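For reference, the chains in residue letters:
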Amino acid sequence: MERFLKKKGNQGSSSKTPELVELDDLPLDPADRKPISTYNVNQGDEIRRTYLLRGPCQPSSVAFPYRMIGNDSRHFPVTWCTNFKGWLEYSIKNDRVYFLHCYLFKDQVKNLQEAIISEGFNGWNRQDKVQRHQGEFNSLHNKAFKMGEDLLNQDQLIQIFVDKKSEKEKSN
Ligand SMILES: [Zn+2]
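Residues numbered from 1 in each chain as written. Predicted model: local features only at pLDDT ≥ 70, side-chain atom pairs only at ≥ 80, totals over all residues. Heavy atoms only, no water.

Draft legend 1. Inspection of the overall build of the protein chain at higher detail. Scanning the protein chain from N- to C-terminus turns up 8 helices and 4 strands. Its helices and strands taken in sequence order, the protein chain reads α-α-α-β-β-α-β-β-α-α-α-α from the N to the C terminus. For the protein chain, the proportion of its 172 residues judged to be buried stands at 33%. When contacts within the protein chain are restricted to residue pairs at least 6 apart in sequence, long-range pairs at least 24 apart make up 62% of them. When the accessible surface of the protein chain is split by element, carbon and sulfur atoms take 51% of a total near 11600 Å². Across the protein chain, the 26 positively charged side chains and the 23 negatively charged ones have centroids separated by 6 Å. (Helix = DSSP H or I, 4+ residues; strand = E, 2+ residues; numbered from the N terminus. Buried < 20%, exposed > 50% of the residue type's maximum accessible area, 1.4 Å probe, protein only. Contact = heavy atoms within 4.5 Å. Areas by Shrake-Rupley, 256 points an atom, 1.4 Å probe, with all protein chains shown as cover. Lys, Arg positive; Asp, Glu negative; His and termini not counted. Charge placed at Lys NZ, Arg CZ, Asp CG, Glu CD.)

Draft legend 2. Seen up close, the pairing of strand β3 (residues 88-91). Alternating residues of β3 divide into L88 and Y90 and E89 and S91, and every residue in both groups is buried. Two strands pair when backbone bridges link them, and β3 and strand β4 (residues 96-99) are joined in this way by 4 bridges, in the antiparallel orientation. Among the inter-strand pairings, S91 is bridged to a residue of β4, identified as R96. (Pairing = 2+ DSSP bridges.)

Draft legend 3. Geometry of the side chain of T50. You can see T50 is positioned in helix α3 (residues 44-54). At a separation of 2.8 Å, a polar atom in the side chain of T50 contacts the main-chain carbonyl oxygen of E46. If near-sequence neighbours (up to four positions away) are discounted, T50 is found in contact with L23 and L26. (Polar contact = N/O pair within 3.5 Å; in protein donor to acceptor, adjacent residues only side chain to side chain.)

Draft legend 4. Region of interest: the nonpolar core. Residues F76, W80, L88, V97, F99, L104 and V130 are the most contacted members of the largest nonpolar core, which totals 31 residues. Those elements that place two or more of their residues in this core are α3, α4 (79-83), β3, β4, α5 (100-105), α6 (115-119) and α8 (140-171). Looking at this core element by element, the count peaks at 5 residues for α5. If sequence neighbours within four positions are ignored, F99 has contacts with W87, L88, E89, I116, I117, V130 and H133. (Core = buried A, V, L, I, M, F, W, Y, C linked by side-chain atoms within 4.5 Å.)

Draft legend 5. Molecular detail of the pattern of salt bridges. Applying the stated criterion across every chain, the model contains 7 salt bridges. We note a salt bridge from E89 to R33, for which the minimum N-O separation is 2.7 Å. Residue E89 is located in strand β3, and its partner R33 is located in the loop between α2 (13-16) and α3; the two are separated by 56 residues in the primary sequence. Here E89 matches R33 in class, with each residue buried. The salt bridge partner of R132 is D128, with a shortest N-O separation of 3.6 Å. Residue R132 and its partner D128 are located together in helix α7 (residues 127-134), separated by 4 residues, close to a single helical turn. In the salt-bridge network here, residues are joined through shared partners; they are R126, D128 and R132. (Salt bridge = Lys/Arg side-chain N within 4 Å of Asp/Glu carboxyl O.)

Draft legend 6. The arrangement of the state of the cysteines in detail. For the coordinates displayed, the defined rule picks out 0 disulfides. Left unpaired, C57 is separated from the closest cysteine sulfur, that of C81, by 9.3 Å. (Disulfide = S-S within 2.5 Å.)

Okay, structure coming up:
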């Protein structure tokens, strides 16, 4: 055990542990986000919670850039914000969409490593592809979405517990 600790110390473990970050400094634009796994492991849930409470990045009143797709000039279909409410995000920076929950939980949901999640998507004529990513009830995407809901519910339960406890303490 002692040897193990020494070895770890020699490698300079402090340089390998990422520093804690200010939650207010977490980037807003999905294109600027770092993988959750690159943050300090003790801060993972706190970072996920912050993003979940902020909600998906869906900037309004943006002059969405046009692009030729086939014979049509198209821009980001704003209807996607309602069609995929609660999780679809738009990056102004690189004019692509991202998926909030899949970004947050892709390391925790087995096999959720689609390129579309890390690279984003801009096939504005292909809503079906986003739909396919969302998938059926038991899809990997929905697993990630559920994990987001569970994380927030868990917080609420803790809050209720704390409230009840302090009520009890007051009445005592
Ligand atoms: Zn997803």
